[in-house]
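Examination of the molecular architecture
One-letter residues, chain by chain:
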Amino acid sequence: DSGVTQTPKHLITATGQRVTLRCSPRSGDLSVYWYQQSLDQGLQFLIQYYNGEERAKGNILERFSAQQFPDLHSELNLSSLELGDSALYFCASSVTSYQETQYFGPGTRLLVL
Amino acid sequence: TQLLEQSPQFLSIQEGENLTVYCNSSSVFSSLQWYRQEPGEGPVLLVTVVTGGEVKKLKRLTFQFGDARKDSSLHITAAQPGDTGLYLCAPWGKTSYDKVIFGPGTSLSVIP
């Protein structure tokens, strides 16, 4: 158990819909990272937040957005969903804002029908 | 932005065989981490290598950091089905990168 929690574990929705994925980092970690992993692909970095502020941005679509709240939990919002958005979405956390050891949550498996 | 390459992309071997996977970059790493991701789960850190030429062992896994700190290898002796997973490398430590980077990974399948 990494100490990072993600909800929900599974999510099935339809094209055009909007969903919110939630992540709670390990106690004491200030950074939260979001990743997308499609079938047979590596981890695609989406975005990083550090202590409530956006720290780094990767290949995140304009239809996606994220935020980190004062209690440090984070939410990833996916809107106008398309079939191709079906993937595993991982959240990870680390102590600081630099690339360091990341502790990954169990992931949310999103299926868009 | 530094690019990481990993090879081979896929590897399927029989239980008991040895194997080596590689992580390469055209740039110098300050340090490097290896993660393993089992199917359906999040990646888990295996090791961090810090010094050029460093060798670290974790049971049947041997990690080596290149002398020039541009490459790293992971050697598994007598592979077991439990070694099956996606092996990812990632630079570690304070960097000048503007985004977080993981290598594309080597997908290993160990057949009983």
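In the block above lies the structure referred to throughout.
What this report covers is the structure whose coordinates are included nearby. The model shown is predicted, which means the values in this text are computed figures rather than measured ones. (Residues numbered from 1 in each chain as written. Chains lettered and ligands numbered in written order. Predicted model: local features only at pLDDT ≥ 70, side-chain atom pairs only at ≥ 80, totals over all residues. Heavy atoms only, no water.)

1. Some details on the nonpolar core
- Residues Leu 32, Trp 34, Phe 63, Leu 74 and Ile 76 of chain B are the most contacted members of the largest nonpolar core, which totals 22 residues.
- Of all the elements in the fold, those that place two or more residues in this core are strand 3 (19-25), strand 4 (32-37), strand 5 (44-49), strand 7 (61-65), strand 8 (71-76), strand 9 (85-91) and strand 10 (106-111) of chain B.
- By size, the runner-up hydrophobic cluster in this structure holds 21 residues, among which are Leu 11, Leu 46, Leu 76 and Ala 87 of chain A. (Core = buried A, V, L, I, M, F, W, Y, C linked by side-chain atoms within 4.5 Å. Buried < 20%, exposed > 50% of the residue type's maximum accessible area, 1.4 Å probe, protein only. Helix = DSSP H or I, 4+ residues; strand = E, 2+ residues; numbered from the N terminus.)

2. Here's the deal with unusual backbone geometry
- In the segment running from Thr 7 of chain A into Pro 8 of chain A, the intervening peptide bond is cis, with an omega of -10 degrees.
- Position of Pro 8 of chain A among the secondary structure elements: in the loop between strand 1 (5-7) and strand 2 (10-13).
- Between Ser 7 of chain B and the following residue, Pro 8 of chain B, the backbone shows a cis peptide bond with an omega angle of -10 degrees.
- Along the polypeptide, Pro 8 of chain B turns up in the loop between strand 1 (4-7) and strand 2 (10-14).
- In the Ramachandran plot, Asn 51 of chain A falls in the positive-phi region, its phi being about 50 degrees despite a non-glycine side chain.
- Inspection of the secondary structure puts Asn 51 of chain A in the loop between strand 5 (44-50) and strand 6 (53-57).
- The partly exposed category is assigned to Asn 51 of chain A, whose relative accessible area is 48%.
- A positive phi angle, near 50 degrees, is found at Ala 78 of chain B, a position not held by glycine.
- Within the fold, Ala 78 of chain B resides in the loop between strand 8 and strand 9.

3. Quick notes on the pattern of salt bridges
- All chains considered together, the criterion is met by seven salt bridges over all chains.
- The salt bridge involving Arg 63 of chain A is made with Asp 85 of chain A; its shortest N-O contact spans 2.8 Å. With Arg 63 of chain A in the loop between strand 6 and strand 7 (64-68) and Asp 85 of chain A in the loop between strand 8 (74-78) and strand 9 (87-94), this residue pair connects regions lying 22 residues apart in the sequence. Exposure class is identical for Arg 63 of chain A and Asp 85 of chain A. Each is buried.
- Across the pair Arg 60 of chain B and Asp 83 of chain B runs a salt bridge, and its minimum N-O distance is 2.9 Å. Here Arg 60 of chain B is found in the loop between strand 6 (55-58) and strand 7, whereas its partner Asp 83 of chain B is found in the loop between strand 8 and strand 9, with 23 residues between them in sequence.
- Judged by relative accessible area, which is 3%, Asp 83 of chain B ranks as buried. (Salt bridge = Lys/Arg side-chain N within 4 Å of Asp/Glu carboxyl O.)

4. Remarks on the interface of chain B and chain A
- Taken together, the contact pairs 21 residues of chain B with 21 residues of chain A.
- Buried surface at the junction of chain B and chain A, both sides included, amounts to about 1600 Å², of which 55% is carbon and sulfur.
- At the surface where chain B touches chain A, the tally comes to zero salt bridges.
- Along the contact surface separating chain B from chain A lie three residue pairs in polar contact (both at pLDDT 80 or more).
- Counting only elements with at least two residues in the side of chain B that touches chain A, the list comes to strand 4 and strand 9 of chain B.
- Broken down by class, the residue content of the side of chain B that touches chain A amounts to twelve nonpolar, five polar and four charged. (Contact = heavy atoms within 4.5 Å. Buried area = accessible area lost by both parts, 1.4 Å probe. Polar contact = N/O pair within 3.5 Å; in protein donor to acceptor, adjacent residues only side chain to side chain. Nonpolar A, V, L, I, M, F, W, Y, C, P; charged D, E, K, R; others polar.)

5. Section: the state of the cysteines
- Enumeration over the complete set of coordinates arrives at two disulfides over all chains.
- Through a disulfide, Cys 23 of chain A is tied to Cys 91 of chain A; the S-S separation comes to 1.7 Å. On the sign convention where negative means left-handed, the S-S torsion of about -50 degrees between Cys 23 of chain A and Cys 91 of chain A marks this disulfide as left-handed. With a gap of 68 residues between them, Cys 23 of chain A in strand 3 (residues 19-24) and Cys 91 of chain A in strand 9 connect regions that are remote in the sequence.
- Residue Cys 91 of chain A is classed as buried on the basis of its relative accessible area, which comes to 0%.
- The partner cysteine of Cys 23 of chain B in its disulfide is Cys 89 of chain B, sulfur to sulfur 2.1 Å. A torsion of 75 degrees about the S-S bond marks the disulfide between Cys 23 of chain B and Cys 89 of chain B as right-handed. Of this pair, Cys 23 of chain B sits in strand 3 while Cys 89 of chain B is found in strand 9, placing the two residues 66 residues apart along the sequence. (Disulfide = S-S within 2.5 Å.)

6. A word on the packing of aromatic side chains
- With the rule as written, the count across this model stands at ten aromatic pairs over all chains.
- Aromatic pair Phe 90 of chain A and Phe 104 of chain A: ring centres 6.4 Å apart, planes at 80 degrees, arrangement edge-to-face. Taken together, the residues span a long stretch of sequence, with Phe 90 of chain A in strand 9 and Phe 104 of chain A in strand 10 (residues 103-104) at a distance of 14 residues.
- Relative accessible area serves as the criterion here: at 0%, Phe 90 of chain A is assigned to the buried category.
- Each ring, one from Phe 104 of chain A and one from Phe 102 of chain B, has its centre 5.9 Å from the other, and the planes form 70 degrees; the classification is edge-to-face. (Phe/Tyr/Trp six-rings, centres within 6.5 Å; stacked < 30°, edge-to-face > 60°.)

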